[in-house]
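Examining the three-dimensional arrangement
In case you want the letters, here they are:
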Amino acid sequence: MIMIFGIPGPLLFGQLLLGLINGAFYAMLSLGLAVIFGMLNIINFAHGALFMMGAFCSWMLLNYLGIGYFPALILAPLIIGAFGIVLEKTLISRLYKLDHLYGLLLTFGLALVIEGLFRNAYGSSGLPYRIPQVLTGATDLGFMFMPNYRGWVVLCAAVVCFATWAIIEKTSLGATLRAATENAPLVQAFGVNVPRLITLTYGGGIALAAFAGVLAAPIYSVNPNMGTNFINTVFAVVVIGGMGSILGSIVTGFALGVVEGLTKVFYPQASATVVFVVMVIILLTRPRGLFGKAA
Amino acid sequence: MFGFSRAQTIAFLVMVALIVVCPFILYPVFLMRVLCIALFACAFNLMIGYVGLLSFGHAAFFGMGSYVAAWTIKFWHVDASIAIVLGGATGALLGLCLGYLAIRRSGIYFAMITLALAQMVYFFCLEAPFTGGEDGIQQVPRGKLFGFIDLSNDMTMYCLVAGVFLGGFLLIHRIIHSPFGQVLKGIRENEPRATSLGYRTDDYKLIAFVLSSMLAGVAGGTKALVFGIATLTDVHYATSGEVVLTTLLGGLGTVFGPAMGALVIVTMENYLAQFGAWVTVTQGVIFIVCVLAFRRGIVGEIGGRLKINL
């Protein structure tokens, strides 16, 4: 057996993979938060709840309609994204002229309502969601066994993150979006429907969260608290990365997942707090965040 | 009196009258919970209402104050007054550490940082041996006040809690109306200008944060004595959310709003407790309604209608 720093190789790599998976979720969620923050100037506290809804949506599709995992991977983000658009149109859009803190309070309230309703309907013990047949089993990578589904999650997350980055940085739609983030009235003067752009951005960010939710469903049991457990850490990730850059949120998300995984190997007691400790260090040395622009 | 306006003096006297009369009509333990949450919300209001910083981590100070008061009175058999003071001191010390980090950013980031730091405190409490983990510290005796007043009687305890609340309330009022409080309001309105006038705004914000967290610690410590228990619920972020809701419902930045909010929220929780998660749903709905239609809160609306500052 290979030993690295006195730790058995498979254990180290196993935890690294787990870290990478958590990192994949951090990346997808903080990416959505950053995109929404850029356009709407609100921090979406309901992000965790909508992530949870994504997981529940895939569970419902399977159990009520018999629709399997792969169609759900497309359908659930569309459904929850549409739900997000309804939320933006009916509630959030009323707050753009007010202090940003009201947006935070409103979305926090939304999160409470959504989680409360799901807890009433499904309890908080969690529902099982099976890994699809094709992705069961494990592959021998030579230095460790990798469960196929976990590899799939990391791959999917990387592809989706890269696609989001490419849309925002490389397409003309993305260019309009970035311009509207910088100066919305000017872009509107050029004939772009900025309110619709804002709505679509919110829907897109939510769809990303829901996609992450579907990926998470087979790994963590589907339960109403799964979003909250993640989102508090994701906020720390956002503070560390700063919300200035798309690539920044992706890199920070993955990196912190790996740091968390490594901490589990070397000092397990600290694994729940290590992200927060990193946040403290960043606040002391670089308060704007690693990739943040000046306020 | 204490810089109260005439309308505020009347409102204050009404509040004191209610505090005196209510225990003869209503269940004292329920009222003690209202007063503890009211003090907690007043402390939180000091930050959001007068410095303009939304802290989403005040449960850390409330909960740690609660743990320390419970631990010292149960295992060191200290006097009840000392336990509450130690709760407050813990809140202040923790507030100094977390505040030093959090005031580096403002607005939305401040909210996220305080939330994350409080989450760190929560995980610490989950792991640390002295908190009793999931069980918490149970069967905490109320002890004696100044060595000779037995607090096991609910009415005696009520007098102490009412005294602590009124003391904290008047202290906050004094702080707001002092020159220091005026500078805080100046920072809230226009920070660069306050800086250019020569004020070290970071110091002012940090002192306000420490005062606020100290009073939150006092509220937590008092709560631990009343109910004889300190648990993870007190440090959980849901408690942070609850205090935000309480203050928002009563009226952000009003003097009497937090107390009013505490009365409404605790009453609501009392009646809805049997319906499980509906409490959460109701809280969420109140949040949404407040933000969309009712931003001044109950007391703010009343004051606005009557054109007075309450």
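Since the structure is predicted, the reported quantities are computational estimates derived from the model, not experimental observations.

Our focus in this paragraph is the nonpolar core. Inside soluble globular proteins, nonpolar side chains tend to come together where they are buried. If you look at the biggest cluster of nonpolar residues, it comprises 206 residues, and the most contacted ones within it are M28 and A210 of chain A together with L39 of chain B. Counting residues per element, this core draws most heavily on helix α1 (residues 9–40) of chain A, which supplies 19 residues. Contact partners of M28 of chain A, with chain neighbours within four places excluded, come to A157, V160, C161, L208, F211 and A212 of chain A.

Okay, the confidence of the model for chain B next. Residues and elements named next belong to chain B. Looking at chain B, the pLDDT average stands at 89 and 99% of residues meet or exceed 70. Averaged pLDDT values for the elements of chain B fall to 76 in strand β1 (residues 144–145) and rise to 94 in helix α9 (residues 201–227). Here the complex is predicted with pTM 0.89, and the ipTM for its interfaces comes to 0.87.

With that settled, the discussion passes to helix α5 (residues 148–170) of chain A. Relative to the 33 Å expected for 23 residues at 1.5 Å per residue, α5 of chain A spans 32 Å between its end C-alpha atoms, a close match to the ideal helical length. The elements touched by buried residues of α5 of chain A are α1, β4 (145–147), α6 (172–182), α8 (194–216) and α10 (246–266) of chain A.

A few words on unusual backbone geometry. All names here are of chain B. Phi angles above zero are rare outside glycine, and Q139 is one such case at about 50 degrees. Here Q139 shows up in the loop between α5 (107–127) and β1. For Q139, a count of 8 C-beta atoms within 10 Å corresponds to the exposed category.

All names here are of chain B. For helix α2 (residues 28–50), with 23 residues, the first-to-last C-alpha span of 32 Å sits near the 33 Å given by 1.5 Å per residue. Considering bend angle alone, the principal kink of α2 is centred on F44 and spans about 30 degrees. In terms of burial, α2 is a largely internal element, 21 of the 23 residues being buried. Once α2 ends, the next one or two residues include G52, with phi positive near 75 degrees.

This paragraph deals with the interface of chain A and chain B. Contacts between chain A and chain B engage 32 residues on the former and 34 residues on the latter. Looking at the side of chain A that touches chain B, the elements with two or more residues in it are α4 (100–122), α9 (226–241) and α11 (274–285) of chain A.

Here the focus is the packing of α1 of chain A against α9 of chain A. Residue and element names in this part refer to chain A. Between α1 and α9, whose axes approach to 9 Å, the crossing angle comes to 65 degrees. The angle between α1 and α9 places the two elements in the roughly perpendicular class. Here α1 runs over α9; the crossing is right-handed. Counting all contacts with α1, which are made through F25, Y26, L29, S30, L33 and A34, the residues of α9 involved are F230, I231, T233, V234, V237, V238 and G241.

Cut-offs used in this document
- Residues numbered from 1 in each chain as written.
- Chains lettered and ligands numbered in written order.
- Predicted model: local features only at pLDDT ≥ 70, side-chain atom pairs only at ≥ 80, totals over all residues.
- Core = buried A, V, L, I, M, F, W, Y, C linked by C-beta atoms within 7 Å.
- Buried ≥ 20, exposed ≤ 12 C-beta atoms within 10 Å, placed from the backbone.
- Helix = DSSP H or I, 4+ residues; strand = E, 2+ residues; numbered from the N terminus.
- Contact = placed C-beta atoms within 7 Å.
- pLDDT = per-residue confidence, 0-100.
- Expected span 1.5 Å × (residues − 1).
- Bend = angle between axes of the 7 residues up to and from the residue.
- Axes fitted to C-alpha atoms, helices over the stretch in contact; angles between N-to-C directions.
- Parallel < 35°, antiparallel > 145°, perpendicular 65-115°, else oblique.
- Left-handed = near helix turned anticlockwise from the far one by under 90°.

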